[in-house]
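# Descriptive structure summary
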Amino acid sequence: VTGPQARRRAPSRRQLLAGAGAVGAGAAAGGLAGYFTGAGAAASGDGDLGSQTIAFHGAHQAGIATPAQDRLAFGALNVAPGAGRADLRDLLREWTAAAARMTAGELVGEVSSAYAPPADTGEAVGSPVSRLTITLGYGPSLFDGRFGLAGRKPAALEPLPPLPNENLDPDFTGGDLCLQACSDDPLVAFHAVRNLARLGMGVVEHHWMELGFGRTSTTTTGQATPRNLLGFKDGTRNIRAEQAGLMNDYVWVAGESDQPWLRGGSFLVARKIRIFVENWDRDYLRDQQHVIGRAKVSGAPLSGGTEFTAPDFTARSADGQPAIPADAHIRLASHERNGGTRILRRGYSFTDGIDPQAGTLLGGLFFIAFMKHPAQFIRLQQALAGDALNEYIHHTGSAVFACPPGVRPGQRWGDDLFG
Amino acid sequence: VNTHGDRAGRPNLRTGMTAVAALLAVAAAGCASSHKAAGSSGTARASTVTIDLTPQGCAPRPARIPAGQVTFNVTNKNAGAVSEAELRTSDLEHILGEQENLTPGLSGAFTLNVQPGRYTISCPGASRPHSTLTVAGKATGPSWQSNAQLSAAVTGYSRYVDQNAAGLVARTQTFCQAVSHGDMSQAKLLYPQARVYYERIEPVAEIWGTLDTQIDGRWENPVTVASQFTGFHKLEQLIWENNTLAGAPQLCAGLVAHEQQLLKLVQTAQYNPLEMASGATDLINEAATSKISGEEERYSNTDLPVFQANVQGAMEVVALLQPYLQQQDSSLLSLIQRRDASVTKALSAYRSVPGYDGTGFVEYSTVLDSQRQQLAAQVNALAEAMSQISARVGP
């Protein structure tokens, strides 16, 4: 399990600034001592989180069991038509080095010449590292034979079947690769995806990208439960990283996989879920609570107790009806109703601005979940066919990726996959 | 021509070009053939060499000069078979500077920084076409000038710009004849044929910002004021959107006049490898943005031929720098060449004979967003690689 570490100093930053000064940015003198200095942490109100780094290397990739950061930049990319196996392999190596640098608070590369475009795009210079993690995933289409990887395809890695309440936009569906960057600083997360995509230009192309603000899940016991755009607490019953048994049973791929290279990894399911927030906001409180199955303010289940009281799906209210209605979201999604099936949710709120036709807010939940097998999500989503919440939401984008295990120092992404 | 004044009033057409324009214009100001007192910035060691073109030859006077800024004043006294003088490396492999098109009675000049060594003054057609020029002393000026490959690339680029500027004037005149005759269908065919000459050398043309706006300005650039919307795109709007040639002949005459000014200016401009590289990247950026979006040729939908012209103009720079890059960074060179091949291949999907308005391509509005995205991805990959040239050729 990865955890916060003391921030590492990056003395090379000075060289960058010397270079920049030579070009003419004289203002660089004092304040911008580094890409990720701890200096901004106090001002940002994050306590000491701003200066914290999350180890890049480890048995598992960071960004899965890592306590959910506040911000997300998620890029889905396709391999360019002309690129081949060697190009992809080289790029994964290059990405590994760049991701290790950025998550340690270093620039992608130093300025070497006043006459070369700077190796790092530079917008995150001076921003605190803010627990940046970068998580790589491989989509089903990567194994279609273009790169000689057909034999390495995990049997479980297939595009999701048609599921209830979805109308998928191809522009937000699928992808050969994904890069999930999470940080407490939105600029730092965005910078990571931008620079990795830039390094890959000519080998990979953007397919779609989403920025998330406000985590919608709790993934460790120390975190307070956040709220989604429905205004409800989300992730109360999520798996916690500390629950090693549940992590092993439901999140980490192990010996059951047909592909040894994936063991220690996890499947990532991403769903872009539009929430028709205006409609939702017009619903009266009691009905909102019945749709979800919880009290809006406290988060307690309608069967009683406090937020963390286990819901009692057999409880009845005074009128004899189920306290948690039969079509309530938390009932249909519960592991009790789904053969014990659980997933690690790690989603974010998003907005794409305004719906050009309706003039309404275009936003909702960018759902991300990690699991041992995509069948877990499929089962849960099928169970939500009769979800009362479906009146207010619509799945508009979808993707599934196999995230390989973590890399050890000296190892690179793709070594096992291509090896 | 007050290029400084023009630049000061120049709206920022494309990010990144401003700096290049400033660099280029400084160079240009110091070498205009009509301005003998070249306003060169600082080198004390300016000298002058006189070359008279005669049927016998073109011996320089003096034949031995100190290294530094040298102005070559060339006069054709009476040589009907000779019309140019060239400064070449002693092996004759590379032309470092030249003055062309001098018929008897005409004179001209070129100025450049010459490094120590032996050179040849050549005048093809004379009975003794080669004479030796010896440059003594210590090296001065930017280091690229002492590199024969880079010097040759700069000279070659100068020639390329001149040729395209001349082609621009000629093709636009042909287009304007159709406009004057009220021949709408012919005007539609000839418009894109003239445009491509401009789009190959646009970064250079942008040095003279006002001229660029007058020739190539769009409605929103600079000021959305109807009286200042002239040039190609105003004509394009009349022809394709308004379906009229009313007022077009006058606009066309103005366009040609501006192009002739441009031609005159480029014939005396000097470039350097860094500006060439930066301009090449800018051309590809231009293809990737205003051509891909279709905004450049929004009325005519003839974006594909000018997209190709942008790429051609950039790849000409690569071709000229190829001998140098081959030695300095052959992997970068081959990356650029591979990516150029990918762009060519992607573009070939939209070729058509004779094509929309005779352009050899389909109408751009028929290219779907998803296809534009593919094209953009290829051309962006080329631009990314091309942006690495500057570090190889910079001072």
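Just so we're clear, the structure is a prediction, and the values are computed from it rather than from any experiment.

The rules behind the values
Residues numbered from 1 in each chain as written. Chains lettered and ligands numbered in written order. Predicted model: local features only at pLDDT ≥ 70, side-chain atom pairs only at ≥ 80, totals over all residues. Heavy atoms only, no water. Axes fitted to C-alpha atoms, helices over the stretch in contact; angles between N-to-C directions. Helix = DSSP H or I, 4+ residues; strand = E, 2+ residues; numbered from the N terminus. Parallel < 35°, antiparallel > 145°, perpendicular 65-115°, else oblique. Left-handed = near helix turned anticlockwise from the far one by under 90°. Contact = heavy atoms within 4.5 Å. Nonpolar A, V, L, I, M, F, W, Y, C, P; charged D, E, K, R; others polar. Pairing = 2+ DSSP bridges. Core = buried A, V, L, I, M, F, W, Y, C linked by side-chain atoms within 4.5 Å. Buried < 20%, exposed > 50% of the residue type's maximum accessible area, 1.4 Å probe, protein only. Expected span 1.5 Å × (residues − 1). Bend = angle between axes of the 7 residues up to and from the residue. Disulfide = S-S within 2.5 Å. Phe/Tyr/Trp six-rings, centres within 6.5 Å; stacked < 30°, edge-to-face > 60°. Lys NZ or Arg CZ within 6 Å of the ring centre and 35° of its normal. Buried area = accessible area lost by both parts, 1.4 Å probe. Salt bridge = Lys/Arg side-chain N within 4 Å of Asp/Glu carboxyl O. Polar contact = N/O pair within 3.5 Å; in protein donor to acceptor, adjacent residues only side chain to side chain.

## A look at the packing of helix α3 (residues 148-180) of chain B against helix α4 (residues 184-200) of chain B
Residue and element names in this part refer to chain B. At their nearest, the axes of α3 and α4 sit 8 Å apart, and the two run at 165° to each other. Accordingly, the angle class assigned to the pair α3 and α4 is roughly antiparallel. For the crossing formed where α3 meets α4, the hand is left-handed. Across the interface between the two elements, Y160, N164, G167, L168, R171, T172, T174, F175, A178 and V179 from α3 touch Q186, A187, L190, Y191, Q193, A194, Y197, Y198 and R200 from α4. Its residues assigned to classes, the contact of α3 with α4 shows 11 nonpolar, six polar and two charged.

## Brief notes about the pairing of strand β8 (residues 117-122) of chain B
Two elements, strand β5 (residues 85-89) of chain B and β8(B), share four bridges in a ladder whose sense is antiparallel. Residue pairing in the sheet places B:E86 in a bridge with B:S122 of β8(B).

## Quick look at the nonpolar core
One finds B:F175, B:M386 and B:I389 to be the most contacted residues of the largest nonpolar core, which totals 88 residues. With residues up to four places along the chain from it excluded, the contact list for B:M386 reads B:A280, B:T281, B:I284, B:A314, B:M315, B:V318 and B:I336. Ranked by size, the runner-up nonpolar core spans 74 residues in total, among them A:M102, A:V204, A:I378 and A:W413.

## Details of helix α10 (residues 303-328) of chain B
Taking 1.5 Å of rise per residue, 26 residues should cover 38 Å, and α10(B) covers 35 Å from first to last C-alpha, within 8% of that figure. Maximum bend of α10(B): about 65°, positioned at B:Q322, with proline B:P323 one to four residues after it.

## Points about the sheet that holds strand β9 (residues 130-136) of chain B
Residue and element names in this part refer to chain B. What the five strands build is an open sheet, ordered β3-β9-β8-β5-β6; its pairing is mixed. For this open sheet the edge positions go to β3 (64-66) and β6 (95-99), each flanked by a neighbour on one side alone. Taking each pair of neighbouring strands and ignoring which way they run, the sheet shows an average axis angle of 25°. The pairing of β5 with β6 spans four bridges and is classified as antiparallel. For E86, the partnering residue across the bridge sits in β6 and is E98.

## What to know about the state of the cysteines
Counting across every chain of the model gives two disulfides over all chains. The disulfide partner of B:C58 is B:C123, and the S-S distance across this bridge is 2.1 Å. Across the disulfide from B:C58 to B:C123, rotation about the S-S bond amounts to roughly -90°, and the bridge is consequently left-handed. Residue B:C58 is found in the loop between β1 (47-53) and β2 (60-61), and its partner B:C123 is found in the loop between β8 and β9; the two are separated by 65 residues along the sequence. Two residues share a disulfide in this structure: B:C176 and B:C252, whose sulfurs sit 2.1 Å from each other. Torsion about the S-S bond of the B:C176 and B:C252 cystine: about -85°, corresponding to left-handed handedness. With a gap of 76 residues between them, B:C176 in helix α3 and B:C252 in helix α8 (residues 248-266) connect regions that are remote in the sequence. B:C252 matches B:C176 in its accessibility class, with the two residues each being buried. The connectivity of the disulfides in chain B is 1-2, 3-4, where the numbers refer to bonded cysteines in sequence order. Just so you know, A:C178 is unpaired, no disulfide at all, and the nearest cysteine sulfur is the one on A:C403, 5.1 Å from it.

## Observations concerning the packing of aromatic side chains
Going through the model one piece at a time under the given rule, you end up with 19 aromatic pairs over all chains. Their ring planes at 45° and their centres at 5.5 Å tell us that A:F367 and A:F377 sit as a pair that is tilted. Of this pair, A:F367 sits in strand β10 (residues 361-371) while A:F377 sits in helix α9 (residues 375-383), and the two are 10 residues apart along the sequence. Grouping residues by exposure puts A:F367 and A:F377 together as buried. An aromatic cluster is defined as three or more aromatic residues linked by ring pairs; in this entry it consists of A:F74, A:F172, A:W208, A:F366 and A:F401. The residue whose ring lies beneath A:K272 is A:F172, and the NZ or CZ to ring-centre distance is 3.3 Å. The lysine or arginine in question, B:R195, covers the ring of B:F232, its NZ or CZ lying 4.9 Å from the ring centre.

## Here's the deal with the interface of chain A and chain B
Listed per partner, the contact involves nine residues of chain A and 14 residues of chain B. Between chain A and chain B, roughly 1000 Å² of surface is buried when both sides are summed, and carbon and sulfur atoms account for 54% of that area. At the surface where chain A touches chain B, the tally comes to one salt bridge. The partner of B:E384 in a salt bridge is A:R198, and the shortest N-O contact between them spans 3.0 Å. Inspection of the region where chain A meets chain B yields five residue pairs in polar contact (both at pLDDT 80 or more). Taken together, the residues of the side of chain A that touches chain B sort by class into five nonpolar, two polar and two charged.

## Looking at helix α12 (residues 369-386) of chain B
With 18 residues, α12(B) should reach 26 Å at 1.5 Å per residue; the first-to-last C-alpha distance of 25 Å fits that figure. Among all positions in α12(B), only B:R372, B:L375, B:A376, B:A377, B:Q378, B:V379, B:A381, B:L382, B:A383, B:E384, B:A385 and B:M386 are buried. Tucked inside the fold, the buried residues of α12(B) contact α4 (186-199) and β6 (204-215) of chain A together with α9 (273-291), α10, α11 (330-348) and α13 (389-393) of chain B.

## Quick word on the sheet that holds β2(B)
All names here are of chain B. Within the open sheet, the four strands sit side by side as β2-β1-β4-β7. Their pairing is mixed. With partners counted over all chains shown, the strands left at the sheet margins are β2 and β7 (107-114), one partner each. Examined bridge by bridge, β1 and β2 share two bridges and lie antiparallel to one another. Residue pairing for β2: I51 is matched across the bridge by P60.

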